[in-house]
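The primary structure of each chain is shown beneath.
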Amino acid sequence: SSSSSSPSSSSSVGQVVNIASTDAARLFSFVGYSIDAVWGGPLQIGLACYYLNAIVGTVATLSCLATIFASIPLTVFFSQIVRSVQKKKMAAKDQRISLTSEALSAISIIKASGWEPFFVERISKAR
């Protein structure tokens, strides 16, 4: 087996499994959302502005749009905080999956040697 066909030696089994499952979920979520958003988003915004203008008037509509655009930096700020928390969560999940995979791959040795309490404690601490 060549080294190019195997994962990097610095990546644990937990990291590889975690990244693959997360990427698959993100791709599925993005494709399902983006197809409708391409044509539906602008249409919904246009109709909402039209009806808002017809109901409350031009000044109120423009102030609403100004408020929405002014809130974009706040949204960016909070999304960066969420991203940071998610990275920490993923690191903890990687460690837990790695420890669980290690224990499962050597379960017969662990049971024969009586190391079950040790591995249960390690995995529980990672949770």
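Structure: see above.
About the thresholds
Within each chain, residue numbers correspond to sequence positions counted from 1 in written order. The predicted origin of the model limits local features to residues at a pLDDT of at least 70 and limits the giving and counting of side-chain atom pairs to 80 or more, whereas totals for whole chains, interfaces and linings rest on all residues. The basis for the side-chain values is all heavy atoms of the structure; hydrogens and waters are excluded. Nine residue types can take part in a nonpolar core, namely buried Ala, Val, Leu, Ile, Met, Phe, Trp, Tyr and Cys, and a core is a set of them joined through side-chain atoms within 4.5 Å. Whether a residue is buried, partly exposed or exposed follows from its accessible area with a 1.4 Å probe, protein chains only, as a fraction of its type maximum: under 20%, in between, or over 50%, in that order. Each helix is a run of H or I in the DSSP string that is no shorter than four residues. Each strand is a run of E no shorter than two, and both are numbered from the N terminus. Contacts between residues were defined by any pair of non-hydrogen atoms, one from each residue, lying within 4.5 Å. Each Phe, Tyr or Trp ring (for Trp, its six-membered ring) is paired with any other whose centre lies within 6.5 Å, and the angle between the two planes then decides the class: stacked below 30 degrees, edge-to-face above 60, tilted in between. Here a polar contact is taken to be a pair of N or O atoms separated by no more than 3.5 Å, where protein atoms must pair a possible hydrogen donor with a possible acceptor and residues adjacent in sequence count only if both atoms sit in side chains. Only residues whose relative accessible area exceeds 30% and that form no salt bridge are eligible for patches; like-charged ones are grouped when within 9 Å, while nonpolar side chains (Val, Leu, Ile, Met, Phe, Trp, Tyr) are grouped when within 5 Å. In short, Shrake-Rupley with a 1.4 Å probe defines the accessible areas, and a residue's cover is counted only from the protein chains shown. Salt bridge, as used here, is a side-chain nitrogen of Lys or Arg placed within 4 Å of a carboxyl oxygen of Asp or Glu. The disulfide criterion used throughout: a pair of cysteine sulfur atoms within 2.5 Å.

Chemist: Looking at this model, I keep getting lost on the nonpolar core. Mind explaining?
Modeler: When a protein is soluble and globular, its nonpolar side chains tend to lie buried together. The biggest cluster of nonpolar side chains holds six residues, and these are L99, A103, I110, F119, I123 and A126. Those elements giving two or more residues to this core turn out to be α3 (72–105) and α5 (116–126). Leave out the neighbours within four places in its chain, and F119 touches E102, A103 and I110.

Chemist: Help me understand the packing of aromatic side chains in this model?
Modeler: Remark: the centre distance and the inter-plane angle together describe each pair of aromatic rings, the angle taken between the planes. Taken as a whole, this structure holds two aromatic pairs when the rule is applied. Ring geometry for Y50 and Y51: centres 5.3 Å apart, planes at 70°, overall edge-to-face.

Chemist: What should I look at first to understand the side chain of T61 in this one?
Modeler: With respect to the helices, strands and loops of the structure, T61 is situated in helix α2 (residues 58–70). The class for T61 is buried, based on a relative accessible area of 5%. A polar atom in the side chain of T61 sits 2.8 Å from the backbone oxygen of G57. If sequence neighbours within four positions are ignored, T61 has contacts with C49, L52, N53 and V56.

Chemist: In this structure, what is going on with a nonpolar patch on the surface? I would like to understand it.
Modeler: The grouping of V38, W39, L43, L47, Y50, Y51, I55 and V56 at the surface amounts to a nonpolar patch, some 940 Å² of accessible area in total. You can see I55 is positioned in helix α1 (residues 13–56). Taking relative accessible area as the criterion, I55 reaches 69% and is therefore assigned exposed.

Chemist: Would you mind going over the state of the cysteines with me for this structure?
Modeler: Two cysteines whose sulfur atoms are joined by a covalent bond form what is called a disulfide. In the structure shown here, the tally under the stated rule is zero disulfides. Take C49: it sits in no disulfide, and the sulfur closest to it among the cysteines is that of C64, at 7.5 Å. Taking the relative accessible area as the measure of exposure, C49 reaches 22% and is therefore partly exposed. Given a relative accessible area of 33%, C64 falls into the partly exposed group.

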